[in-house]
Amino acid sequence: MFIDNEKLKNLVRKLGSQSILVVGDLALDEMVYGDTERISREAPVIILQHTHTKFILGGASNAAHNVADINDGKVSVIGVIGEDYQALDLKRAFEEANINCSSLITDKTRKTITKTRISGSCSHSITQQIVRIDRQTNEPISKETETKLIDAIEKLVPEYDAVILSDYHIGTLSDNVISAVINSAKKHRKKVIVDAQRNLDRYYGVTSMTPNLPDTQKHVGFYLKNKEDYIKAGNILLEQSGAEAVLITCGAEGMVVIDNNGKYAHIPVFNKAEVFDVTGAGDTVTALYTLALAAGAEPVYAAIIGNIAAGLVVKQYGCATTSIEEILNSIPEKINIDEVHSELLPLDKVKEVEE
């Protein structure tokens with residue numbers, strides 16, 4: 001099946017007018033760089049002469065950053081920060097990215113999620129990561145913090161076109177927080193898209209979800225080796241979530257979209273030659289997929305837009321973003337996808353197959 005390129009381009013042009021709310025585990029990536037000097041006399045470790053530090057939005061923050069660079073900052077975040085200097089760095093990074101962070105909830109008992117990567121280089125070699133330090137609180141959020149999050153959610157959801165639930169399983173998205181987002185979105189007819197790595201059955205009532213292949217296989221309990229496997233797994237996720245469609249990202253094999261009308265579509269990767277770093281590519285897919293759905297795109301067209309955007313950011317090192325102009329310039333002349341309407345596994349037959 002060939003995609004209508006003009007229709008695709010018109011949808012891409014609409015992305016800039018959509019507003020998105022991101023709720024989830026907001027994180028900061030602190031990149032510390034230096035030049036290696038010698039081995040320390042104190043211990044068998046490298047002495048690094050610090051050159052510079054760079055702050056990058058990571059975790060759910062990266063999804064918000066991808067949206068902000070597309071729609072001129074029509075994006076807000078809701079999440080939890082600690083009472084620490086990393087919280088100040090995270091706020092500053094949000095402000096520089098033109099992301100509204102006025103609804104952040106401060107909890108002095110928790111750490112601001114921060115991943116510090118220390119990298120060094122000598123004069124004749126490339127920069128290499130030496131160590132990574134993670135700061136985070138893994139326990140579930142307190143009831144007091146949960147109540148503050150829900151209040152912020154109920155206030156902001158009506159103001160946005162769609163909501164991204166970005167779950168890195170660091171405690172922000174409790175069951176009550178998830179329910180608050182879904183219930184408020186239903187009440188105000190907003191779309192909710194989930195990006196989560198596990199416990200995919202926690203999100204009943206969302207519009208769509210974007211799990212990757214390994215997480216999907218782990219959740220459904222079998223390997224996805226062919227079209228029939230994907231359709232079976234997709235139907236399981238559709239029944240458990242009540243979603244309109246599921247987008248499964250498959251790395252170098254592209255993406256698969258299964259919707260609740262029995263449609264299966266495989267979308268190939270459009271950029272295989274220039275992959276430098278896949279860090280954050282999943283956040284890019286979710287962000288662009290959400291923007292496209294909010295703009296009225298069918299799931300397949302939304303997935304293609306996410307696919308093209310991901311192909312652009314993996315050409316750069318670290319969490320990266322792209323723009324409407326770059327996406328438009330990167331649309332292939334012809335896009336041919338494998339699409340079928342399947343009668344293999346209607347939703348009401350999934351349980352029979354599992355048994």
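Structure report, in brief. Within every chain, residues take consecutive numbers counted from 1 along the sequence as written. Under the rules for a predicted model, residues below a pLDDT of 70 receive no local features and side-chain atom pairs below 80 are neither given nor counted, while totals for whole chains, interfaces and linings still include all residues. The side-chain numbers reported here are obtained from all heavy atoms of the structure, hydrogens and water having been left aside.

**Thoughts on the nonpolar core**
- Formed by 58 residues in total, the largest nonpolar core has its most connected members in L8, L15, V77, F94, I99 and L288.
- For this core, the element with the highest residue contribution is helix α9 (residues 299-313), accounting for 10 residues.
- Contacts of L288, omitting those with residues within four sequence positions, involve L15, I70, I305, G306, A309 and I327.
- Buried residues of nine kinds, namely Ala, Val, Leu, Ile, Met, Phe, Trp, Tyr and Cys, make up a nonpolar core once their side-chain atoms join them within 4.5 Å. Burial classes follow relative accessibility: with a 1.4 Å probe on protein chains only, a residue under 20% of its type's maximum area counts as buried, one over 50% as exposed, and anything between as partly exposed. Formed by 46 residues, the second largest nonpolar core is a distinct cluster that contains L156, V220, L224 and A243. A run of H or I in DSSP counts as a helix once it spans at least four residues, and a run of E counts as a strand once it spans at least two, with each numbered from the N terminus. Whether two residues touch is decided by their heavy atoms; if any such pair falls within 4.5 Å, the residues are in contact.

**Considering the pattern of salt bridges**
- Criterion for a salt bridge: a side-chain nitrogen of Lys or Arg within 4 Å of a carboxyl oxygen of Asp or Glu. Counted by the stated rule, this structure contains 10 salt bridges.
- The salt bridge involving D134 is made with K115; its shortest N-O contact spans 3.6 Å. Taken together, the positions of D134 in strand β8 (residues 128-135) and K115 in strand β7 (residues 113-121) put the pair 19 residues apart, joining distant regions of the chain.
- Close ionic contact of E146 with K143 constitutes a salt bridge, the shortest N to O distance being 3.5 Å. Within this pair, E146 and its partner K143 are both found in helix α4 (residues 143-156), separated by three residues, close to a single helical turn.
- Assessed through its relative accessible area of 58%, K143 is described here as exposed.
- Each of K115, R132 and D134 takes part in one network of salt bridges that share partners.

**Section: the packing of aromatic side chains**
- Stacked, tilted and edge-to-face are the three classes assigned to paired rings of Phe, Tyr and Trp, where Trp is represented by its six-membered ring and a pair needs centres within 6.5 Å; plane angles under 30 degrees give stacked, over 60 edge-to-face, the rest tilted. In total, this model carries zero aromatic pairs according to the counting rule given.
- Distance and angle both matter: a charge sits over a ring if NZ of Lys or CZ of Arg is within 6 Å of the ring centre and within 35 degrees of the ring normal. The lysine or arginine in question, K7, covers the ring of Y301, its NZ or CZ lying 4.4 Å from the ring centre.
- The aromatic ring of F222 is capped on one face by K232, whose charged end is 4.5 Å from the ring centroid.

**Focus: the packing of helix α6 (residues 213-220) against helix α7 (residues 227-241)**
- The axes used here are C-alpha line fits, helices contributing only the stretch in contact, and every angle between their N-to-C directions lies in the interval 0 to 180 degrees. It is at 11 Å that the axes of α6 and α7 come closest, and there the two elements cross at 75 degrees. Looking at the two axes, α6 sits roughly perpendicular to α7. Packed against α6, whose contacting residues are L213, T216, H219 and V220, the element α7 presents Y230, A233, I236, L237 and Q240 at the interface.
- Residue composition of the contact of α6 with α7, grouped by class: six nonpolar, three polar and no charged. In this scheme, roughly parallel covers angles under 35 degrees and roughly antiparallel covers those over 145, while 65 to 115 is roughly perpendicular and the rest are oblique. Polarity classes work like this: nonpolar for Ala, Val, Leu, Ile, Met, Phe, Trp, Tyr, Cys and Pro, charged for Asp, Glu, Lys and Arg, and polar for all others, with Gly in that last group.

**What to know about helix α8 (residues 281-294)**
- A rise of 1.5 Å per residue sets the reference length of α8, with its 14 residues, at 20 Å; its end C-alpha atoms lie 20 Å apart and thus fit the reference within 8%.
- Within α8, 13 of the 14 residues are buried, which leaves it mostly tucked inside the rest of the structure.
- G296 sits one or two residues past α8 and shows a positive phi near 100 degrees. A helix's residues, less one, multiplied by 1.5 Å, set its expected span.

**Focus on the side chain of S166**
- Its location among the elements puts S166 in strand β9 (residues 162-167).
- Excluding residues that lie within four positions of it along the chain, S166 makes contacts with V23, G24, D25, G59, A60, L173 and D195.

**Looking at the sheet that holds strand β2 (residues 26-39)**
- DSSP calls a pair of strands paired once it identifies at least 2 bridges connecting them. Ordered in space as β3-β2-β7-β8, the four strands form an open sheet in which the pairing is mixed. Every other strand in the sheet has two partners, leaving β3 (46-59) and β8 as the edge strands with one partner each. Taken pair by pair, the neighbouring strands of this sheet meet at an average axis angle of 20 degrees, ignoring direction.
- Here β2 pairs with β7 via nine bridges, running parallel. Bridged to D29 within β7 is K115.
- The strands touched by helix α2 (residues 60-71) within the sheet are β2 and β3, with β3 carrying the most contacts at an inclination of about 65 degrees.
- In the packing of helix α3 (residues 85-96) onto the sheet, contacts are made with β2, β3, β7 and β8, and the angle to β2 comes to roughly 110 degrees.

By themselves, these figures tell us nothing about what the structure is for.
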